[in-house]
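Spelled out, the chains give:
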Amino acid sequence: MKFLVFTDLHEDKKGLKELAKRASEDDIDFVVATGDISNFGRGLRNVFETMNKVGKKFYAIPGNHEEGSDAMEQFAGEFEHCFNLHKRAVEIEDYVFLGYGTGGFSMEDAEFRKIARKWYGKYKGKKIVLLTHGPPFNTKLDKLEVGHVGSVDYRKFIERIHPKLAISGHLHETVGKVDKIGSRKCINPGWDGMVIELK
């Protein structure tokens, strides 16, 4: 399985065009976005419409720029190939993709902990890809000049459920960074995107 993942596009039309072009190539099975694909909601419809035209499944979670709006859910329902994965799980081949978006500024999240308990009970032992907008705590992905600013709850969940891969965004300063929590890889694919192959 091979997919294209990107984050923090922020309504960049040129960048979107390039991502759609790459997504259209034969080796890509589907596309994933981990939030802030709009500019406070502006341009969100264009992202869904453009990715829908690619004709491959597009799974997205909201970032803080899509927070507090039902637009992502609305547009995902409007376009046949697009799906809002926020607080949801989807099984793709023998992997389970778990999505949790919005936020990014809090180190703790009671709502995530509640959902994480359900996910752990249901998907423990499966091959998991965790999608969050904000990064996990104490990695290269959340390190700023002021220190580590990522989510302690995301890190604890990664340490507990051992996903094959954890993908996040939010912090522009750490775009392209790759790190590990134990043996589990964590990445920030940035707005140019990354192609991920899972076996």
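Starting from 1, residues in each chain are numbered consecutively following that chain's sequence as written. In keeping with the model being predicted, local features are shown solely for residues with a pLDDT of at least 70 and side-chain atom pairs are shown and tallied solely at 80 or more, while totals for entire chains, interfaces and linings include all residues. The side-chain quantities take in all heavy atoms of the structure and omit both hydrogens and water.

Student: Can you tell me about the sheet that holds strand S5 (residues 88–92), naming the residues and giving the values?
Tutor: Taking strand neighbours across the sheet as the criterion, the six strands line up as S5-S6-S7-S10-S12-S11 in an open arrangement whose pairing is mixed. Strands at the two margins of the open sheet, each flanked by one partner only, are S5 and strand S11 (178–181). Across the sheet, the mean angle from the axis of one strand to that of its neighbour is 20 degrees, orientation sign disregarded. One ladder, built from five bridges, connects S5 with strand S6 (residues 95–100); its direction is antiparallel. The partner of Arg 88 across the bridge, within S6, is Gly 99. Sheet strands touched by helix H5 (residues 152–161): S6, strand S7 (127–132), strand S10 (165–167), S11 and strand S12 (184–187). Its angle to S7, the strand with the most contacts, is close to 175 degrees. Pairing between two strands requires that DSSP report at least two bridges joining them. Where helices and strands are cited, they refer to DSSP runs of H or I of at least four residues and of E of at least two residues respectively, numbered from the N terminus. A fitted line through C-alpha atoms serves as each axis, taken over the contacting stretch for helices, and the angle formed by two N-to-C directions is quoted from 0 to 180°. In what follows, a contact means two residues having at least one pair of non-hydrogen atoms within 4.5 Å.

Student: Before we move on, can you summarise the sheet that holds strand S13 (residues 194–197) with the specific residues and values?
Tutor: In a beta sheet, neighbouring strands are held together by backbone hydrogen bonds and run either parallel or antiparallel to one another. Taken together, five strands build an open sheet; the order of strands is S4-S3-S2-S1-S13 and the sheet is mixed. Only two strands of the sheet have a single neighbouring strand rather than two, namely strand S4 (82–84) and S13. Pairs of neighbouring strands in the sheet enclose a mean axial angle of 25 degrees, with direction left out of account. Note that strand S1 (residues 2–6) and S13 share four bridges and pair antiparallel. By the bridge assignment, Val 5 is partnered in S13 with Met 194. Against the sheet, helix H2 (residues 44–54) touches S1, strand S2 (30–33), strand S3 (58–60) and S4, its axis set at about 150 degrees to S3. Each of S3 and S4 touches helix H3 (residues 71–78); the most contacted strand, S4, lies at about 150 degrees to it.

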